[in-house]
2 protein chains.
Amino acid sequence: MTGVRVGRQMTEMLKGTLEGIVLAILSVQPAYGYDITARLREQGFTDIAEGTVYALLVRIERNGLVEVEKVPSEKGPPRKVYSLNTPGRAYLDEFWVTWGFLADRLGQLKKEGN
Amino acid sequence: MTGVRVGRQMTEMLKGTLEGIVLAILSVQPAYGYDITARLREQGFTDIAEGTVYALLVRIERNGLVEVEKVPSEKGPPRKVYSLNTPGRAYLDEFWVTWGFLADRLGQLKKEGN
DNA sequence: CCCAGTACTTAACGCTACTATGTACCAGTA
DNA sequence: TACTGGTACATAGTAGCGTTAAGTACTGGG
């Protein structure tokens, strides 16, 4: 009822890339889940659900890519502020390499298609 | 030519995009599974398994995106030659739009990260 | 008191690529 | 004949990711 469903193609394409997107956001400056969700929506990912982001944050924390700090909020429950640590930055670098390769290949394919 | 070793990141990123890659290959000219696998490897996807491609071909056929023709081979069992049909081309166009959006966002994020 | 906005959690689910294994056809060769 | 290697396709089982859907909890204004 609420909101248009994310297309199947986008959903599948986000697998693997959404993680990189969030890490890239965190590499600029620390942030908390609610904020990240809002920023993603501003940037055009209008249909990303909150649950998706929180689940992702749990995972990258479990994988040791981020540090977490609880910060009290004036408007609601305490925020969990995530910041990239050293392994997280290395992982993000790796992500950009992988992405670069893929973007390269697809750029080539698209050119050949026309 | 430096083949990227398929790690976890690449595996996840290929979800959604591998389908588009194969459809893009088919949009240039019809091809069969064994051939597509070989071409992917030539293009740097050195670790794509045959099984992955065949499963994908089964899926896009089931989804009505391709036509299939059995063509005898001189060197082995008959080939199943796949070609894009009209829905397949429409789907590929949609794929490029989705990809374009994602590549755009990530390009922006990468720029901000430096 | 209720409600809207803020903020986080998590089980169940669908989809995709991967792994591993199997079948089958053919040419060369010893 | 038997064996090997290259060609060609099929598929069950598995892991991982994003999504859905439901929930908890804190705050300030009507």
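Residues numbered from 1 in each chain as written. Chains lettered and ligands numbered in written order. Predicted model: local features only at pLDDT ≥ 70, side-chain atom pairs only at ≥ 80, totals over all residues. Heavy atoms only, no water.

### Topic: the overall build of chain A
Reasoning step 1: Check the secondary structure of chain A and you find four helices and three strands.
Reasoning step 2: Ordered by position in the sequence, the α and β elements of chain A form the string α-β-α-α-β-β-α.
Reasoning step 3: Projected onto its principal axes, the C-alpha coordinates of chain A cover approximately 55 × 40 × 20 Å.
Reasoning step 4: The 114 residues of chain A split such that 40% are buried.
Reasoning step 5: Put simply, 46% of the contacts in chain A that link residues at least 6 apart link residues at least 24 apart.
Reasoning step 6: The centroid of the 15 positive side-chain charges in chain A is displaced by 5 Å from the centroid of its 14 negative side-chain charges. (Helix = DSSP H or I, 4+ residues; strand = E, 2+ residues; numbered from the N terminus. Buried < 20%, exposed > 50% of the residue type's maximum accessible area, 1.4 Å probe, protein only. Contact = heavy atoms within 4.5 Å. Lys, Arg positive; Asp, Glu negative; His and termini not counted. Charge placed at Lys NZ, Arg CZ, Asp CG, Glu CD.)

### Re the relation of the copies chain B and chain A
Reasoning step 1: Overlaying chain B on chain A yields an RMSD of 0.1 Å, the required transformation being a rotation through 180° with an accompanying axial translation of 0.0 Å. Put plainly, the chains are arranged around a two-fold axis. (Least-squares fit on C-alpha atoms with pLDDT ≥ 70 in both.)

### Quick look at the protein's contact with DNA strand C
Reasoning step 1: By nearness alone, 31 residues border DNA strand C, and Arg8(A), Tyr34(A), Tyr54(A), Arg79(A) and Lys80(A) come closest of all.
Reasoning step 2: Near-protein atoms of DNA strand C (within 4 Å) split between backbone and bases, with sugar and phosphate holding 70%.
Reasoning step 3: A distance of 2.9 Å separates a base oxygen of DNA strand C from a polar atom in the side chain of Lys15(A).
Reasoning step 4: No other element matches helix α1 (residues 8-28) of chain B, which puts six residues into the surface near DNA strand C.
Reasoning step 5: Here the residues of the surface near DNA strand C are counted per class, giving 12 nonpolar, eight polar and 11 charged. (Near = heavy atom within 4 Å. Polar contact = N/O pair within 3.5 Å; in protein donor to acceptor, adjacent residues only side chain to side chain. Nonpolar A, V, L, I, M, F, W, Y, C, P; charged D, E, K, R; others polar.)

### Notes on the protein's contact with DNA strand D
Reasoning step 1: Around DNA strand D, 32 residues are found, and the nearest of them are Thr52(A), Arg8(B), Tyr34(B), Arg79(B) and Lys80(B).
Reasoning step 2: Of everything in DNA strand D that lies within 4 Å of the protein, sugar and phosphate atoms constitute 73%.
Reasoning step 3: Taking Glu74(A), its main chain carries an N or O atom lying 3.4 Å from a sugar or linking oxygen of DNA strand D.
Reasoning step 4: Lys75(B) places a main-chain nitrogen or oxygen 3.5 Å from a base nitrogen of DNA strand D.
Reasoning step 5: Looking at the surface near DNA strand D, the elements that each hand over two or more residues are α1 (8-28) and α3 (50-62) of chain A together with α1, α2 (33-42), α3 (50-62) and β3 (79-84) of chain B.
Reasoning step 6: Of the residues that constitute the surface near DNA strand D, the class distribution is 12 nonpolar, eight polar and 12 charged.

### Comments concerning the sheet that holds strand β3 (residues 79-84) of chain A
All names here are of chain A.
Reasoning step 1: Spatial strand order, β1-β3-β2: three strands in an open sheet with antiparallel pairing. Either end of the sheet is taken by a strand with one partner, and the two such strands are β1 (31-32) and β2 (66-71).
Reasoning step 2: Two elements, β2 and β3, share six bridges in a ladder whose sense is antiparallel. Considered in β3, the bridge of Val68 is made with Tyr82. (Pairing = 2+ DSSP bridges.)

### Some details on the interface of chain B and chain A
Reasoning step 1: Listed as interface residues are 32 residues of chain B and, on the opposing side, 31 residues of chain A.
Reasoning step 2: Buried surface at the junction of chain B and chain A, both sides included, amounts to about 3,400 Å², of which 73% is carbon and sulfur.
Reasoning step 3: Connecting chain B to chain A are two salt bridges.
Reasoning step 4: Taking the shortest distance from any N to any O, the salt bridge between Arg8(B) and Glu19(A) comes out at 3.1 Å.
Reasoning step 5: The interface formed by chain B and chain A holds 12 residue pairs in polar contact (both at pLDDT 80 or more) in total.
Reasoning step 6: Breaking the side of chain B that touches chain A down by element, the ones donating at least two residues are α1 and α4 (86-113) of chain B.
Reasoning step 7: Class assignment for the residues of the side of chain B that touches chain A results in 18 nonpolar, six polar and eight charged. (Buried area = accessible area lost by both parts, 1.4 Å probe. Salt bridge = Lys/Arg side-chain N within 4 Å of Asp/Glu carboxyl O.)

### Some points on α2(B)
Residue and element names in this part refer to chain B.
Reasoning step 1: Within α2, burial applies to Gly33, Ile36, Thr37, Arg39 and Leu40. Angular distribution of buried residues about the axis of α2 spans 165°; they occupy a single face of the element. Away from its buried face, by an angle of more than 90 degrees, α2 presents the exposed residues Tyr34 and Glu42. (Arc of directions from axis to C-beta.)

### Remarks on the sheet that holds strand β1 (residues 31-32) of chain B
Two pairing modes exist for strands in a sheet, parallel and antiparallel, and in both the strands are linked by backbone hydrogen bonds.
All names here are of chain B.
Reasoning step 1: What the three strands build is an open sheet, ordered β1-β3-β2; its pairing is antiparallel. Only two strands of the sheet have a single partner each, and these edge strands are β1 and β2 (66-71).
Reasoning step 2: Two strands pair when backbone bridges link them, and β1 and β3 are joined in this way by two bridges, in the antiparallel orientation. In the sheet register, Ala31 faces β3, and the bridge partner there is Tyr82.
Reasoning step 3: Together, β1, β2 and β3 form the strand contacts of α1, whose direction differs from that of β3 by roughly 90°. (Axes fitted to C-alpha atoms, helices over the stretch in contact; angles between N-to-C directions.)

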